[in-house]
Structure formats: C-alpha cells, structure tokens
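Take a look at the letters that make up each chain.
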Amino acid sequence: MYLLEVLSGPLDGKTWTFESEITIGRDDSVAEACIALDRYVSRKHAHLRMDGERMHLTDLDSRNGTKVNGELVAGDAMVEIGAPFIVGRTVLRVTRA
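Residues numbered from 1 in each chain as written. Predicted model: local features only at pLDDT ≥ 70, side-chain atom pairs only at ≥ 80, totals over all residues. Heavy atoms only, no water.

A.B. asks: Help me understand the nonpolar core in this model?
C.D. replies: If you look at soluble globular proteins, the nonpolar side chains tend to sit buried side by side. Counting residues in hydrophobic clusters, the biggest one holds 23 residues, and the most contacted among them are Leu4, Ile24, Leu48, Phe85, Leu92 and Val94. When residues of this core are traced back to their parent elements, those giving at least two are strand E1 (2-8), strand E2 (15-18), strand E3 (21-25), strand E5 (46-51), strand E6 (54-59), strand E9 (76-80), strand E10 (85-87) and strand E11 (90-96). Ignoring sequence-local partners within four residues, the contact set of Leu4 consists of Lys14, Thr15, Trp16, Phe18, Ile22, Ile24, Ala33, Leu48, Phe85, Leu92, Arg93 and Val94. (Core = buried A, V, L, I, M, F, W, Y, C linked by side-chain atoms within 4.5 Å. Buried < 20%, exposed > 50% of the residue type's maximum accessible area, 1.4 Å probe, protein only. Helix = DSSP H or I, 4+ residues; strand = E, 2+ residues; numbered from the N terminus. Contact = heavy atoms within 4.5 Å.)

A.B. asks: Would you take a moment to explain the sheet that holds strand E4 (residues 33-34) for this structure?
C.D. replies: Within a sheet, adjacent strands bond to each other through the backbone by hydrogen bonds, running parallel or antiparallel. With respect to topology, five strands assemble into an open sheet ordered E4-E3-E5-E6-E9, the strand pairing being mixed. The open sheet terminates on both sides in strands that have one partner only, identified here as E4 and E9. The pairing of E5 with E6 spans six bridges and is antiparallel. Bridge pairing in E6 places Met50 opposite Met55. (Pairing = 2+ DSSP bridges.)

A.B. asks: How do you make sense of the environment of Trp16 when you look at a structure like this?
C.D. replies: Secondary-structure assignment places Trp16 in strand E2. A residue is classified by how much of its surface remains accessible, and Trp16, at 10% relative accessible area, is buried. Separated by 23 residues in sequence, Trp16 and Arg39 place their C-alpha atoms 19 Å apart.

A.B. asks: How do you make sense of the environment of Glu80 when you look at a structure like this?
C.D. replies: Here Glu80 shows up in strand E9. When its relative accessible area of 41% is taken as the criterion, Glu80 is described as partly exposed. Taking C-alpha positions, Glu80 is 7.0 Å from Glu53, a pair spaced 27 residues apart along the chain. If near-sequence neighbours (up to four positions away) are discounted, Glu80 is found in contact with Glu53, Arg54 and Met55. There is a polar contact of 3.2 Å between the side chain of Glu80 and the side chain of Arg54. (Polar contact = N/O pair within 3.5 Å; in protein donor to acceptor, adjacent residues only side chain to side chain.)

A.B. asks: Which parts of the structure should I look at to understand the side chain of Ser42?
C.D. replies: In this structure, Ser42 sits in the loop between E4 and E5. In this structure, Ser42 is in contact with Gly25, Arg26, Ser62 and Arg63, ignoring residues within four places of it in sequence.

A.B. asks: What's the story with the pairing of E9 in this structure? I'm lost.
C.D. replies: Every regular strand shows the same layout, with side chains that alternate between the two sheet faces. Side chains Ala77 and Val79 project from E9 onto a buried face, and the interleaved Asp76, Met78 and Glu80 project onto a face without burial. Of the pairings in the sheet, the one linking E6 to E9 comprises five bridges and is antiparallel in character. Residue pairing for E9: Met55 is matched across the bridge by Val79.

Shown next as structure tokens:
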C-alpha cells in the first residue's frame, strides 16, 4: 500500500492511499486523486504506477505539465519513492503507507 501526499498547494496535507497505480487530476470522475482547487491541474493530469522501489510517473498530455527535479516530464519518468514532484502548482510525493 502506498500513500500519495500533498506537500504544498491548495490541499496541503491531503492524502490518498493506493495499491499499485493512481490517476491524478482535477475531475473526480476520471481521477482517484482529485486536486480540484488547483486550476493549473488538468482534468486528467498524470498517472502513477508502482514498479518495486520506483514509480513510473506519466504526464497525460496536461496543459501545464508535470515536473520532476524542476524538469518537465515528457511522457514517462522514473521517480524514487519519497521524491517530490509537481502537478500543476501542487507538490506531491509518494511514500509507503
């Protein structure tokens, strides 16, 4: 079990648990992790999929992009568990629950 946590942004402190994958977006009908208060988050913004000790972070052609280490994600990026990443203007991280 994993925990997706908002580190900074309009939902600071909000968390979601997930088993192996989760979609992040502004619309709760298509995203399990709904960040409706960040207007820079697209309806269906990014997708996380766990792969052992790492995670695949995929930008879903969002308008404002997804960033890891200050760099825009082009397609798919590998991210370490615990490393922060940015969706819209919201900073998130994944840890073990």
